[in-house]
Each structure stands twice: as C-alpha cells, then as structure tokens.
Amino acid sequence: ALYGRSLLTPADDAYLHRFWSSGFMPRHGALAWLWTAVHNVFAGPPVRLAFDGSLHYAAPLLFVALFGLGAVVLARRSPLRGALILGPIGPALVASAAQAFPWNARLGLCLLPLFLLGIVAGAEAVASIGPWRSLRFAPLFLVPFGAAALLDPPPPWTPEHLRPVMQQMAARWQPGDALWVYYGAGQAFDYYARSIPLLGEVRRATCDRADPRDLLRQVDAERGRARVWILMAHGSGPFGFDERGLLLDYLQTIGRRLDQFHAPPGDETRNRAEAALFDLSDPARLAASSAEEFVLGDIPSPRTWTCYGTMSPGGPDAKVTAALTGGE
C-alpha cells in the first residue's frame, strides 16, 4: 500500500479523491451515509451489468438484518473467529472516514465474502430459535436470491466489447479507408490494434470537456474523405451530456452514413462499443454545417478534470492536470 501511494502524483491523488468522493464517510451525516453504504452492499443501484461491488439481491433489508444478527452471533460464539471475519470491516470504515480509501462500488468487493459469512451465520441463528430448530439447512433458502441475481443477466458480461467491433471493421476495411477513434475507446483500441491491424491513417481524439465544439473540430480533420470509420466506446459524455450522440448527429449532417454496427448486439446503452462508416466527401453536405455553426443544445458546465485517467489514453495534458490540482 505504501509503495502504491508513493507512485501517485498530486494529480492522481486529486483525481481519485474527486472521482470516488461518494465513498468517503462525511463528517456530518455519517450514520445516513453508513446506512446507504451497507444497504448498497446487498441491493446496489439498479444498473444492469454494473460492476459495482453489490450483491444485487432482492429484499435487501432481509439481508441487512441477517448480517446484523450474524455479526452478533459470531462475536459471542467465538470472539477470535468473529474478529477474523468481521474485523476488516472496521478498518475499511476508518479508512473511509480518514479520506484514505473509499468504501464504494467495486472498491468494496473485498468485503463481500465477509458479508456473506455474516448472512449465513444470521440464517443459522434464526434456524436455531424455537420452532425453527428442525430447519438445520435454513441457509439453503437464501440460494434462490443469489441465483436470481446471478442469472439476471447470466455471465459472461461483455459491456463495451470493442474486439468484435474491430474485427467486423477489419473485415469490411478497404484500401484508402481512414479511422477516427473516440478518446473513450483509446485504451481498448491500442490493446486490440496489436492483433487486429488496420492499414490506413488513424487519428485518436483527445478529451476536452470544457468546450464540446472541440470534438467536432477534431473530426473535421476527416472532411473530404469518401470512407472514414468512427470507432467509439465508453465515455458518452460528462454527467448526462450525450457527447457521442452530438458527434454522430454532426457527422450525419455533414456526411452520409454507409455502415454501422455495435457489440454486444443487445447492448443499447450510450457507452456501447460501436463503429460507423461515413462518406464525408459530398460538398453539398459539407457546406450544411461546421464545427463552429452546429447547434449544440444544452451543454453542461465545464468538467475538465473528468478527462483524466481512462479519458486520457495518451496521458493527460497540462490543462487537465491544472484543472485537477487547481480544483476546477
């Protein structure tokens, strides 16, 4: 942990604290925060395919109660065993309160086995009370809850699956084609490009969430081409702003869409991996609009700091770093 901390730059530290801010226990309202955090361990936000550190069980209050009972039973039955099973939860809360490590989403995955052990201990305790003593296998009644969460949807999960998109694009690639890569797909593209080479000019976009027109200016570099592929994944825009939708609307205005596909086939989310082929060589269409003239609609306040990390596959520029360290 100390070695990992030593590798962080001031910008790294600032970004991680801002991105995971909801995972740090606040000074005021700590009890409400703690209840939400524990509830989310069992219920989680209603987001399909979310790798969020939650069990996604139905009837989460039942499992909160079983865990609470199980914690008491474990501590009374064997203080040492109870400390081994439940002990790591305490330091996790202390680290969160100290702003050292967040307890949130996938960063809390390490605690899930401990909560499961507490749940089973609670179920065993209920089965040992009064008329329930004959139900020695009471914990088995919890299995359907876990099975339902696992099978909706069943694994394997492949959100934003860029590889099959690049494979289809490579199969339809023609000499003279060009590729423009949306910055959210930059890291995955660089990885898969080693095994799926595309012979042609490749441009990688950069993230600028202070000026949405900057992305349109970048794609304007492809004007005049008869076949240009637009490859996208992840990062649909900051805080609800559909940046990728804006980009496709603009391309549809100044060009003609020739082909389009995405993966997985059933993924209809804004972050899905997709490729679109455009003809940007028609002078009449090109004259219809430009990066400076295209109507943007409602745009969010500048969020330059969100261009850090995954959104900067080539590394953050000075503007993004300054926004983080300066608190923009």
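Just above, that's the structure.
Summary of the structure given here. Worth saying up front: this structure is predicted, and the values here are computed from it rather than measured.

1. Considering unusual backbone geometry
Here is step 1 of the chain: Of the consecutive residues Ala 263 and Pro 264, the connecting peptide bond is found in the cis state with omega at -10°.
Here is step 2 of the chain: In this fold, Pro 264 is placed in the loop between strand E4 (256-263) and strand E5 (273-279).
Here is step 3 of the chain: With phi around 55°, His 56 is a residue other than glycine that occupies positive phi space.
Here is step 4 of the chain: Inspection of the secondary structure puts His 56 in the loop between helix H3 (30-42) and helix H4 (60-77).
Here is step 5 of the chain: Look at Gln 99: it is not a glycine, yet its phi comes out positive at around 60°.
Here is step 6 of the chain: Here Gln 99 is to be found in the loop between helix H6 (89-97) and helix H7 (112-127).

2. Thoughts on helix H5 (residues 79-86)
Here is step 1 of the chain: Every buried residue belonging to H5 is among Gly 82, Ile 85 and Leu 86, and all of these are buried. When H5 is viewed along its axis, its buried side chains cluster within an angular range of 80° and face the same direction. With respect to the buried face of H5, the exposed residues turned more than 90 degrees away are Leu 80 and Leu 84.
Here is step 2 of the chain: Check the buried side of H5 and you find it contacts H4, H6 and H7.

3. Observations regarding the packing of H4 against H7
Here is step 1 of the chain: Viewed as axis vectors pointing N to C, H4 and H7 meet at an angle of 85°, and their least axial separation amounts to 6 Å. Between H4 and H7, the interaxial angle falls into the category roughly perpendicular. Counting all contacts with H4, which are made through Phe 63, Leu 66, Phe 67, Leu 69, Gly 70, Val 73, Leu 74 and Arg 77, the residues of H7 involved are Leu 114, Phe 115, Gly 118, Ile 119, Ala 121, Gly 122, Ala 123, Glu 124, Ala 125 and Val 126.
Here is step 2 of the chain: In terms of residue class, the contact of H4 with H7 is built from 13 nonpolar, three polar and two charged.

4. Re the state of the cysteines
Simply put, disulfide is the name for a covalent bond between the sulfur atoms of two cysteines.
Here is step 1 of the chain: Counting across every chain of the model gives one disulfide.
Here is step 2 of the chain: Paired through a disulfide, Cys 207 and Cys 307 show a sulfur-sulfur distance of 2.0 Å. Disulfide Cys 207-Cys 307: torsion about the S-S bond near -65°, hence left-handed. Within this pair, whereas Cys 207 is found in the loop between strand E2 (201-204) and helix H11 (213-219), its partner Cys 307 is found in the loop between helix H13 (283-286) and helix H14 (318-326), the two being separated by 100 residues in sequence. Here Cys 207 matches Cys 307 in class, with each residue buried.

About the cut-offs
Numbering of residues starts from 1 in every chain and runs along the sequence as written. Confidence filtering applies because this is a predicted model: local features only for residues at pLDDT of at least 70, side-chain atom pairs given and counted only at 80 or more, and all residues used for totals across whole chains, interfaces and linings. Processing note: side-chain calculations cover all non-hydrogen atoms of the structure and skip hydrogens and water entirely. Helix numbers and strand numbers start at the N terminus; a helix is a DSSP run of H or I with at least 4 residues, a strand a run of E with at least 2. Only protein chains enter the accessibility calculation, which uses a 1.4 Å probe. A residue is then buried if its area is under 20% of the maximum for its type, exposed if over 50%, and partly exposed in between. Arc definition: it is the arc formed by the directions from the helix axis to the C-beta atoms. Contact definition: two residues touch when any of their heavy atoms are within 4.5 Å. Lines fitted to the C-alpha atoms define the axes, with helices restricted to the stretch that makes contact. Angles between their N-to-C directions range from 0 to 180 degrees. Should an angle fall under 35 degrees it is taken as roughly parallel, and over 145 as roughly antiparallel, whereas 65 to 115 is taken as roughly perpendicular and any remaining angle as oblique. Polarity classes work like this: nonpolar for Ala, Val, Leu, Ile, Met, Phe, Trp, Tyr, Cys and Pro, charged for Asp, Glu, Lys and Arg, and polar for all others, with Gly in that last group. Any cysteine sulfur atom paired with another within 2.5 Å is treated as part of a disulfide.

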